[in-house]
Amino acid sequence: MRKLQSQGVHHITLVGADRQTSIDFWEGVLGMPFIFEQPNLDRATESHLYFDPGDGRLITIFTDETRKPEPQRTPTDIGCVHHIAFAVSRVTFLQAVSRLDERKIRHSGVKDRGFMDSIYFEDPLGLLVELASYRFEPPQGYTHADVLMEAHKIRVARGDYNIAELHLADAIETLTAASRATLSPSREPKDPYKI
């Protein structure tokens, strides 16, 4: 038996209401360029809108002009999508509360996740959307996932409840030491200020 190895998210497709509601939210609120549109090739009565979330991948929406937005929360039963999260820069994240407030969009306020900060709000159709901003940049040659995996190992070894900034800093130091050689006999912390 062999795996079907994934290499990243190709696209996520959501069921939308009318076309303009999707354009107004995905491009008008979240700034995702509306890059193309064609019929839904499996259902001719629907249109298929494509948006670029910022990494060249796709968020696509099936729309139908006979459907109107129903803003009640989407189901969170087993097998349903709980929420969808998008990465935003730190400077954008720091302005998220005021920009959502300016539009009168209800939100969670800033949530401390230890390794990132989050804010949650619903789209016009009741889908929970998260804006997420990492608190760290990975060392050259590593990904955020590499740092989180190393931080997880450190956290578990120390018996801590969740990943915190200390674990991230130690993970970055560990990964850097593993990937970069030194001529020094020891990488232990030293005190160059001792008298």
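As a reminder, the structure under discussion sits directly above these lines.
Residues numbered from 1 in each chain as written. Predicted model: local features only at pLDDT ≥ 70, side-chain atom pairs only at ≥ 80, totals over all residues. Heavy atoms only, no water.

(A) Here's a closer look at unusual backbone geometry. Unlike most non-glycine residues, K104 shows phi in positive territory, near 60°. Accessibility expressed as a relative area gives 75% for K104, which makes it exposed. (Buried < 20%, exposed > 50% of the residue type's maximum accessible area, 1.4 Å probe, protein only.)

(B) Examining the pairing of strand 2 (residues 34-40) more closely. Sheet topology note: the strand 2/strand 3 (residues 43-51) ladder contains 6 bridges and is antiparallel. Along strand 3, the bridge assignment pairs P39 with S47. (Pairing = 2+ DSSP bridges. Helix = DSSP H or I, 4+ residues; strand = E, 2+ residues; numbered from the N terminus.)

(C) Broad picture of the pattern of salt bridges. Per the stated rule, a full pass over the model turns up 9 salt bridges. Between R135 and D117 there is a salt bridge whose closest N-O contact spans 2.6 Å. Residue R135 is found in the loop between strand 8 (128-134) and helix 3 (144-158), and its partner D117 is found in strand 7 (residues 116-122); the two are separated by 18 residues along the sequence. Look at D117 and you get buried, because its relative accessible area is 5%. (Salt bridge = Lys/Arg side-chain N within 4 Å of Asp/Glu carboxyl O.)

(D) Just the nonpolar core, in detail. Counting residues in each nonpolar core, the largest one holds 20 residues, and the members touching the most others are W26, F51, I59, F86 and F121. Secondary structure elements with two or more residues in this core: helix 1 (19-27), strand 3, strand 4 (58-63), strand 5 (84-87), helix 2 (90-102), strand 7 and strand 8. Those residues in contact with F121, other than ones at most four positions away along the chain, are F25, L30, L100, I105, R106, H107, L127, L128, V129 and L131. Core analysis: the second largest hydrophobic core is formed by 9 residues, A151, I163, A171 and L175 among them. (Core = buried A, V, L, I, M, F, W, Y, C linked by side-chain atoms within 4.5 Å. Contact = heavy atoms within 4.5 Å.)

(E) Representation of the sheet that holds strand 6 (residues 111-112) within the structure. Pairing in this open sheet of 4 strands is mixed, and the strands run 5-8-7-6 from one edge to the other. For this open sheet the edge positions go to strand 5 and strand 6, each flanked by a neighbour on one side alone. Examined bridge by bridge, strand 5 and strand 8 share 4 bridges and lie parallel to one another. Considered in strand 8, the bridge of F86 is made with L131. Helix 2 rests against strand 7 and strand 8 of the sheet, and its axis sits at about 35° to strand 7. (Axes fitted to C-alpha atoms, helices over the stretch in contact; angles between N-to-C directions.)

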